[in-house]
Amino acid sequence: MSRIPETFQRCAAENRTALMPYLTVGYPDLATSEQILLAMVEAGADLIEVGTPFSDPLADGSTVQRTSQVSLEHGTRLRDCVALVERVRAAGVTIPLMLMGYYNPIVKYGVEQYVTDCAAVGVDGFIVPDLPIEESHRLHTAAQEHDLDLIFMVAPTTNDERLDQVSNLGTGFVYCVAVTGVTGARGTMSATLAPYMQRVREHTDQPLAVGFGISSPEAVNQVGTMADGAIVGSALIDYMDEHPDHMPAAAARFVRYLRGEAAI
Amino acid sequence: MIEQRVFENSESRPDSHGYYGRFGGVFAPETLMPAINELTAAYQVAKHDPEFQAELEHLRKTYIGRPTGLYEAKRFAEAAGGGNGPRIFLKREDMAHTGAHKINNAIGQALLAKRMGKTRIIAETGAGQHGVATATACALLGLDCIVYMGEVDIHRQSLNVFRMRLLGAEVRPVTSGSKTLKDAINEAIRDWVTNVDETFYIFGTVAGMHPYPMIVRDFQSVIGKEARQQFEEQVGGLPTMVVACVGGGSNAMGLFYEFIPFTDVEIVGVEAGGHGLDGHAHAATLVKGEQGVLHGSWSYVLQDDDGQIIETHSISAGLDYPGVGPELSWMKDSGRATFAAITDEEALEGFQLLCRTEGIIPALESSHALAWAAKHTKHLGPDATVIVNLSGRGDKDMHTVAEAFGVEL
């Protein structure tokens, strides 16, 4: 078993919801994003989604569009994201780190080379929002060769047949998109989340993590009643943006807030 | 010599996964996958339903005004070739309702949307021609219409923005990225992801995720079918060459598709050379791009060495796009077509030449194909024949052209 499902198991044993914050590498700049990652680990993040910027993030809402654009304006490259993982591993970070980003930069880097380099620095898995199961053969093969997880998304629109396919092909956990929509902070969770998560659960034994729209400890707790983990991206970034001079500290505080250990 | 059978047009291109050789596919967010599969299935049924085809044919005749003419531009050919060049024929898509070929596809997809029970239509637009065509089709069929358009394009195509609003469409400005066509497509896809149940996305070109390259090609292929028949009637046989401008590639695939199996017919696509091919200020995706994934398909893409999509430039908003249809990429790699680029300046020369020799004001997009035909076909000689797709009329471009000539309107 890889480090990712192990982490979910440990959280379950400790009777809590695994918390998986997201950051965009290179936002607000490369050095600060590294400090943000370290601060989130320090604050108790269980796993981290390390976002690699792309010029055309078509599954993302305005927050991640903006952070990606800023990151690219600073000249962040995919190899910088890999190198950042290498540095934080050297600094002693042991929790699972998944690289999340769109497919074209990976293709340009070279799919097999990318996976090889990621494996060498201690990446645990990949999330590629524009790579459905149908097109995943190449990355899936490469990831398997290096024992890395390829995590697929499911959405409220995903039918039973596709849920089975995702469950068979993906490893690590199943990324359950909470809403029919793009990423972005939302006030409340949809009432249809419970029956949808129930349906996903019937098709897989893998850990389930819910993302898109989670912005409060209440939402994390609510998600925890039906899934193993909660993914938080845009709300965290929006909060950091309110504290532009202290982003790593703000990120840490928001992670503690989501864990019910601090107020904001 | 490439084997003839490779270039037969059949149901196997694209294959069942949406691939044209190694190009195409569906690189889309999971949320859309069921809707994409539903669209593919619904289209296959409609395609083989005589009732759907009859309704489309009726609207082509009575509403769009098809067939559009095939016109021999003798004075243009004379001016270009000095009496020794080929005969040049124009396929007059500028005469179609709304002034461009875009209506062929918009009407077809709007009929499909209605058939699927979708009442909310979204579309992207660059030059505004696809937006106008979609707004028109929605007015005709009583569908709600939202058009995403980059802020830069809204500025340079303000006339088309006004036309869309007159037709009852809501035009939503897109301010992300380069604020042009590619960003309008991103935003339309985000809308589709969010409102997928009730929304039909009328995509305007042969790029993007399967099944769009196939659907748009099929609806546009009426251009080449008519042109071949008209040429047979007027001249006999087949033309020596067919030429069209290529942005995403819908007018090009529309003309080319019919001629793909006839390997004696040379096929040339003309991309936007912008300020020249040396820097990044162009949109010559097939000439200068590399393979990659943009907007859901594997195709040629203009990208930097880190796989980020490059912001393009063309005087023509309709060609200002860093991607291209996967079937055109297949035509390039298989050698069935060749691709060239024409700069802004050359396009303006072609534009003026057609205005003055034929009394036809072409769209700046089409002017790229005209300019290439005027400059690069003399060697074919007077016995040769060339069909150029005059994909749209130039009324929408008056502000841009006036600005280029330093004239204040």
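**Student:** I tried to follow the overall build of chain A on my own but got confused; where do I start?
**Tutor:** Scanning chain A for helices and strands turns up 12 helices and nine strands. Relative to the globule expectation of 18 Å for 264 residues, the C-alpha radius of gyration of chain A, 17 Å, shows essentially globular dimensions. Put simply, 73% of the contacts in chain A that link residues at least 6 apart link residues at least 24 apart.

**Student:** How do you make sense of the overall build of chain B when you look at a structure like this?
**Tutor:** Scanning chain B for helices and strands turns up 16 helices and 14 strands. For chain B, whose C-alpha radius of gyration is 19 Å, the value lies close to the compact-globule estimate of 22 Å for 409 residues. Judged by the C-alpha coordinates and their principal axes, chain B covers about 60 × 50 × 50 Å. When burial is assessed residue by residue, chain B has 62% of its 409 residues classed as buried.

**Student:** I keep staring at the domain arrangement of chain B and nothing clicks. Help me out?
**Tutor:** Interface extent is often summarised as the accessible area lost during association of the parts. All names here are of chain B. Taken domain by domain, chain B comprises domain 1 (20-61 + 101-216) and domain 2 (66-99 + 221-404). Computed from C-alpha atoms alone, the centre-to-centre distance between domain 1 and domain 2 is 22 Å. Facing the 41 residues of domain 1 at the interface are 43 residues of domain 2. Listing elements by their share of the side of domain 1 that touches domain 2, those giving two or more residues are strand 2 (23-24), helix 2 (50-64), helix 4 (102-115), helix 5 (129-141), helix 6 (151-156), helix 7 (158-166), helix 8 (181-194) and helix 9 (212-220). In terms of residue class, the side of domain 1 that touches domain 2 is made up of 17 nonpolar, 18 polar and six charged.

**Student:** Whenever I open this one, the environment of Gly325(B) confuses me. Can you help?
**Tutor:** Residue and element names in this part refer to chain B. Counting through the fold element by element, Gly-325 comes out in the loop between strand 12 (297-301) and helix 13 (326-334). Residue classification places Gly-325 among the buried positions, given that 33 C-beta atoms sit within 10 Å. Ignoring anything within four residues of it in the chain, the contact list for Gly-325 reads Thr-205, Val-206, Ala-207, Pro-213, Gly-248, Gly-249, Met-253 and Ser-299.

**Student:** Quick question: what am I supposed to make of the interface of chain A and chain B here?
**Tutor:** Facing the 32 residues of chain A at the interface are 28 residues of chain B. Listing elements by their share of the side of chain A that touches chain B, those giving two or more residues are helix 3 (62-73), helix 5 (103-109) and strand 6 (153-154) of chain A. Of all the elements, helix 5 of chain A adds the most residues to the side of chain A that touches chain B, at six residues. By residue class, the composition of the side of chain A that touches chain B is 17 nonpolar, eight polar and seven charged.

**Student:** Just checking my understanding: could you explain the pairing of strand 1 (residues 18-24) of chain A for this structure?
**Tutor:** The side chains of a regular strand alternate between both faces of the sheet. All names here are of chain A. Taken across its seven residues, strand 1 has seven buried, putting it largely inside the fold. Of the two faces of strand 1, the one holding Ala-18, Met-20, Tyr-22 and Thr-24 and the one holding Leu-19, Pro-21 and Leu-23 are both buried throughout. Bridge count between strand 1 and strand 9 (residues 229-232): four bridges; the pairing is parallel. If you follow Leu-19 over to strand 9, its bridge partner there is Ala-230.

**Student:** Explanation requested: the nonpolar core in the structure shown.
**Tutor:** Within soluble globular proteins, side chains that are nonpolar generally end up buried alongside one another. Met40(A), Cys176(A), Ala209(A), Ala251(A), Val243(B) and Phe256(B) are the most contacted members of the largest nonpolar core, which totals 223 residues. Counting contributing residues per domain, this core is built from domain 1 (20-61 + 101-216) and domain 2 (66-99 + 221-404) of chain B, each supplying no fewer than three. Once residues lying within four places of it in the same chain are set aside, the contact partners of Ala209(A) are Ala18(A), Met20(A), Phe173(A), Tyr175(A), Cys176(A), Ala227(A), Asp228(A), Gly229(A), Ala230(A) and Ile231(A).

**Student:** How do you make sense of helix 4 of chain B when you look at a structure like this?
**Tutor:** Residues and elements named next belong to chain B. For helix 4, spanning 14 residues, the distance from its first C-alpha to its last is 20 Å, which sits close to the expected 20 Å at 1.5 Å a residue. For helix 4, the tally of buried residues reaches 12 of 14 residues, placing the bulk of the element in the interior. All buried positions along helix 4 are accounted for by Lys-102, Ile-103, Asn-104, Asn-105, Ala-106, Ile-107, Gly-108, Gln-109, Ala-110, Leu-111, Leu-112 and Ala-113.

**Student:** Explanation requested: the sheet that holds strand 4 (residues 125-127) of chain A in the structure shown.
**Tutor:** Note: strands within a sheet are paired through backbone hydrogen bonds, in either parallel or antiparallel orientation. Residue and element names in this part refer to chain A. Across the sheet, which stays open at both edges, the nine strands sit in the order 5-4-3-2-1-9-8-7-6 with parallel pairing between neighbours. With partners counted over all chains shown, the strands left at the sheet margins are strand 5 (149-151) and strand 6, one partner each. Two strands pair when backbone bridges link them, and strand 7 (residues 174-177) and strand 8 (residues 208-211) are joined in this way by four bridges, in the parallel orientation. What sits directly across from Val-174, in strand 8, is Leu-208.

**Student:** Even after reading the chapter, I still don't get the sheet that holds strand 14 (residues 385-390) of chain B, so can you show me in this structure?
**Tutor:** Residue and element names in this part refer to chain B. Ordered by their spatial adjacency, six strands build an open sheet running 3-4-14-9-10-13, and the pairing between neighbours is mixed. The sheet is open, and its two borders are formed by strand 3 (70-72) and strand 13 (338-343), each paired with just one other strand. Taking each pair of neighbouring strands and ignoring which way they run, the sheet shows an average axis angle of 30°. Packing against the sheet, helix 15 (residues 364-376) makes contact with strand 4 (87-92), strand 9 (241-245), strand 10 (266-274), strand 13 and strand 14, and its axis sits at approximately 145° to strand 9.

**Student:** Any chance you could explain the packing of helix 4 (residues 78-90) of chain A against helix 6 (residues 111-121) of chain A here in plain terms?
**Tutor:** Axes are the key here: two packed helices are described by the angle between their axes and the distance separating the axes. All names here are of chain A. In the contact formed by helix 4 and helix 6, the axes pass within 9 Å of each other and the chain directions differ by 15°. As far as their axial angle goes, helix 6 and helix 4 are roughly parallel. Of the two elements, helix 4 crosses helix 6, and the hand of that crossing is right-handed. Two secondary-structure elements touch here, helix 4 through Val-82, Val-85, Glu-86 and Arg-89 and helix 6 through Asp-117, Cys-118 and Val-121. Considering only residue class, the contact of helix 4 with helix 6 consists of four nonpolar, no polar and three charged.

**Student:** Sorry if this is basic, but what is going on with helix 1 (residues 3-13) of chain A here?
**Tutor:** Residues lying three or four places apart along an α-helix face the same way, a consequence of the helix completing one turn every 3.6 residues. Residue and element names in this part refer to chain A. Of the positions making up helix 1, those classed as buried are Ile-4, Thr-7 and Phe-8. Looking straight down helix 1, one finds its buried side chains confined to an arc of 100°; they lie on one side. Structural note: helix 1 exposes Glu-6, Arg-10 and Ala-13 on the side pointing more than 90 degrees away from its buried face. On its buried face, helix 1 sits against strand 1, strand 4, strand 5 and strand 9.

**Student:** Can you walk me through the confidence of the model for chain B in this structure?
**Tutor:** A low pLDDT score tells you not to read the predicted coordinates there in detail. Mean pLDDT for chain B: 96, with 99% of residues reaching 70 or above. With pTM at 0.97, the complex prediction returns an ipTM value of 0.95.

**Student:** Where do I start with unusual backbone geometry in this structure?
**Tutor:** A negative phi angle is the norm for most residues apart from glycine, just as the trans form is the norm for most peptide bonds. Pro67(B) follows Arg66(B) through a cis peptide bond whose omega is 0°. Tracing the sequence through the fold places Pro67(B) in the loop between helix 2 and strand 3. Residues His210(B) and Pro211(B) are joined by a peptide bond in cis, for which omega reads 10°. Relative to the elements of secondary structure, Pro211(B) occurs in the loop between strand 8 (199-201) and helix 9. Even without being glycine, Asp147(A) reaches a positive phi, approximately 55°. Tracing the backbone through its elements, the reader meets Asp147(A) in the loop between helix 7 (137-145) and strand 5.

**Student:** What exactly am I supposed to notice about the packing of helix 2 (residues 30-42) of chain A against helix 12 (residues 247-258) of chain A here?
**Tutor:** Residue and element names in this part refer to chain A. Where helix 2 contacts helix 12, the axes come no closer than 8 Å and their chain directions differ by 30°. With respect to each other, helix 2 and helix 12 are oriented roughly parallel. For the pair helix 2 and helix 12, the crossing hand works out as right-handed. Taking contact as the criterion, the partners of Thr-32, Gln-35, Ile-36, Ala-39, Met-40 and Glu-42 in helix 2 are, on helix 12, Met-247, Pro-248, Ala-249, Ala-251, Ala-252 and Val-255. Tallied by class, the residues present in the contact of helix 2 with helix 12 amount to nine nonpolar, two polar and one charged.

Rules and cut-offs
- Residues numbered from 1 in each chain as written.
- Chains lettered and ligands numbered in written order.
- Predicted model: local features only at pLDDT ≥ 70, side-chain atom pairs only at ≥ 80, totals over all residues.
- Helix = DSSP H or I, 4+ residues; strand = E, 2+ residues; numbered from the N terminus.
- Rg over C-alpha atoms; globule rule 2.2 N^0.38 Å.
- Contact = placed C-beta atoms within 7 Å.
- Buried ≥ 20, exposed ≤ 12 C-beta atoms within 10 Å, placed from the backbone.
- Domains from an automatic or database assignment.
- Nonpolar A, V, L, I, M, F, W, Y, C, P; charged D, E, K, R; others polar.
- Pairing = 2+ DSSP bridges.
- Core = buried A, V, L, I, M, F, W, Y, C linked by C-beta atoms within 7 Å.
- Expected span 1.5 Å × (residues − 1).
- Axes fitted to C-alpha atoms, helices over the stretch in contact; angles between N-to-C directions.
- Parallel < 35°, antiparallel > 145°, perpendicular 65-115°, else oblique.
- Left-handed = near helix turned anticlockwise from the far one by under 90°.
- Arc of directions from axis to C-beta.
- pLDDT = per-residue confidence, 0-100.

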